[in-house]
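Residues per chain, in single letters:
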Amino acid sequence: KKETREYKIGFSQCVGSDLWRKTMLVEMKTELSLKPGTKLSYADADNSSSKQIEQVKEMINEGIDLLVISPNEALPLTKIVEETYNKGIPVIVIDRKTSSPLYTAYVGAENYQVGKIAGEYLANSLKGSGNVVEVMGLPGSSPAIERDRGFMDALKEHPEIKVTGQFYGDWLGPNTETQLLKNKDKLKNIDAIFAHNDVMATSARKVLKQLNLSNKIKVIGVDALPGNGGGLNLVSNKTLTASVLYPTGGKEAINIAMRILNKESFSKENILQTVVIDSSNVQLMKLQWDRINSQQSDIERQQTLLADQFKVYNSQRLVLNFIVIT
Ligand code: FRU
């Protein structure tokens, strides 16, 4: 008989309240439901690096077999991740990175590419000339640094495209609004805005509307999530011109975690694919998500059925045991 061990995976999330990270957690839990006996201990650091460090310390004291972490900012979280790794606890870094190579595996899309694809898409749709504003994520978080680098590198090939303003929206809608309203003069003659996520892109569109600026101004975001409030809907209702798909990697992280825990082979770098979603392919993407969703609910239905049958079987066995004993 195969020995089954119970594992406890600690998941330290830099923030849990937005749709992208809620989707990541759902993906993880769905995948975990297929791996009976494995528990998830979850902590949400609410955008605070110091809180995240404390939460990781608590998890380690509590006892976990593996840590999955999305570090709020790279530098402040590096030490605790290195310490965890050096204690012999495997660490999977997801989406955001630390500043150190000391981790067991990484899962996420290549953020340099995400920025580069956005830059190339903008340059193309502006036919090689125009004024662009960039709204960046939280300074010091690795996707903000890498998306900016990729974006700027893409635009180097197009000298007639000028970046006329760069602001930090810290990944958040309200911060984006404050920054853009404070710098509204910089928005007057622009042709496009690239925001590092769809949340900030949506706020950018809102500000443009509020200031009565042209609805011809292109707004590009990142994430392209399915569902209510997700980027796919925002592209199809024309709030956003385009969004670069940024998969959450929740499912992949759990799969890699299980391989590590079961001492199977795995890759250290697990790079997820990305693609631009605009009006030309958004309907297709939505259809694909709907299909995945309905397959998912089929699986869930079957699992409930199986669980019910298992209960019936167990109670029959109990009755049988009872008959045999008496
Ligand atoms: C969610 C989020 C995403 C973005 C990612 C970068 O918290 O802001 O919108 O793509 O984090 O780490």
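Scroll up for the structure.
Okay, so let's go over this structure. (Residues numbered from 1 in each chain as written. Predicted model: local features only at pLDDT ≥ 70, side-chain atom pairs only at ≥ 80, totals over all residues. Heavy atoms only, no water.)

1. Quick word on the environment of Asn86
Here's step 1: By the secondary structure assignment, Asn86 is in helix 3 (residues 74–86).
Here's step 2: Along the primary structure Asn86 and Arg205 are separated by 119 residues, whereas in three dimensions their C-alpha atoms are 46 Å apart. (Helix = DSSP H or I, 4+ residues; strand = E, 2+ residues; numbered from the N terminus.)

2. Some words on the environment of Glu31
Here's step 1: Along the polypeptide, Glu31 turns up in helix 1 (residues 19–33).
Here's step 2: Exposure remark for Glu31: the relative accessible area of 9% places this residue in the buried category.
Here's step 3: Residues Glu31 and Ala253 lie 222 residues apart in sequence; the distance between their C-alpha atoms is 9.4 Å.
Here's step 4: Not counting residues up to four positions away in its chain, the partners in contact with Glu31 are Lys251, Ile254 and Asn255.
Here's step 5: A polar atom in the side chain of Glu31 sits 3.3 Å from the side chain of Lys35. (Buried < 20%, exposed > 50% of the residue type's maximum accessible area, 1.4 Å probe, protein only. Contact = heavy atoms within 4.5 Å. Polar contact = N/O pair within 3.5 Å; in protein donor to acceptor, adjacent residues only side chain to side chain.)

3. Here's the deal with the packing of aromatic side chains
Here's step 1: As enumerated under the stated definition, the model contains three aromatic pairs in all.
Here's step 2: Between Phe11 and Tyr42, the aromatic rings sit 5.5 Å apart at their centres with planes inclined by 50°, giving tilted as the arrangement. In this pair, Phe11 is assigned in strand 1 (residues 7–13) and Tyr42 in strand 2 (residues 38–44), connecting sequence segments 31 residues apart.
Here's step 3: Note on Tyr42: relative accessible area 36%, which makes it partly exposed.
Here's step 4: Ring geometry for Phe151 against Phe194: centres 4.6 Å apart, planes inclined by 40°, an arrangement best described as tilted. One end of the pair, Phe151, is in helix 5 (residues 142–156); the other, Phe194, is in strand 8 (residues 192–195), with 43 residues separating them in the sequence. Each member of the pair Phe151 and Phe194 is classed as buried. (Phe/Tyr/Trp six-rings, centres within 6.5 Å; stacked < 30°, edge-to-face > 60°.)

4. Focus: helix 5
Here's step 1: Taking 1.5 Å of rise per residue, 15 residues should cover 21 Å, and helix 5 covers 21 Å from first to last C-alpha, within 8% of that figure.
Here's step 2: Along helix 5, the positions that sit buried rather than exposed are Ser142, Pro143, Ala144, Glu146, Arg147, Asp148, Gly150, Phe151, Ala154 and Leu155.
Here's step 3: Residues of helix 5 that are buried in the fold lie against helix 4 (111–125), strand 6 (130–136), strand 7 (161–168), strand 8 and strand 9 (218–223). (Expected span 1.5 Å × (residues − 1).)

5. Points about unusual backbone geometry
Here's step 1: Here Trp171, not a glycine, exhibits a phi torsion of approximately 80°, which is positive.
Here's step 2: With respect to the secondary-structure elements, Trp171 resides in the loop between strand 7 and helix 6 (173–182).
Here's step 3: Residue class for Trp171 comes out buried when judged on its relative accessible area of 10%.
Here's step 4: A positive phi angle, close to 130°, is found at Asp223, a residue other than glycine.
Here's step 5: Looking at Asp223, the relative accessible area reads 9%, which means it is buried.

6. Focus: the side chain of Ser41
Here's step 1: Within the secondary structure, Ser41 sits in strand 2.
Here's step 2: If near-sequence neighbours (up to four positions away) are discounted, Ser41 is found in contact with Lys8, Ile9, Gly10, Phe11, Met59 and Glu62.

7. Observations regarding the pairing of strand 9
Here's step 1: Most of strand 9 sits out of view: five of its six residues are buried.
Here's step 2: Judged from the three bridges that link them, strand 8 and strand 9 form a sheet pairing that is parallel. Bridge pairing in strand 9 links Phe194 to Ile220.
Here's step 3: Viewed along the sheet, the connection from strand 8 through helix 7 (residues 198–210) into strand 9 turns out right-handed.
Here's step 4: Where strand 9 meets strand 10 (residues 242–245), four bridges bridge the pair, whose relative direction is parallel. When the bridges of strand 10 are listed, Gly221 appears paired with Ser243.
Here's step 5: Assessed by its sense of winding, the connection that carries the chain from strand 9 through helix 8 (residues 231–236) to strand 10 is right-handed. (Pairing = 2+ DSSP bridges. Right-handed = clockwise from strand over helix to strand, strands pointing away.)

8. Details of the sheet that holds strand 2
Here's step 1: Read across the sheet, six strands follow the order 2-1-3-4-5-11 without closing on themselves; strand pairing throughout is parallel. Only two strands of the sheet have a single neighbouring strand rather than two, namely strand 2 and strand 11 (269–272). The sheet shows a mean angle of 15° between the axes of neighbouring strands, taken without regard to direction.
Here's step 2: Here four bridges tie strand 5 (residues 105–109) to strand 11, and the two strands are oriented parallel to one another. Bridge pairing in strand 11 places Val107 opposite Asn270.
Here's step 3: Set on the sheet, helix 1 makes contact with strand 1, strand 2, strand 3 (66–70) and strand 4 (91–94); between it and strand 1 the angle comes to about 175°. (Axes fitted to C-alpha atoms, helices over the stretch in contact; angles between N-to-C directions.)

Just distances and angles here, no functional claims.
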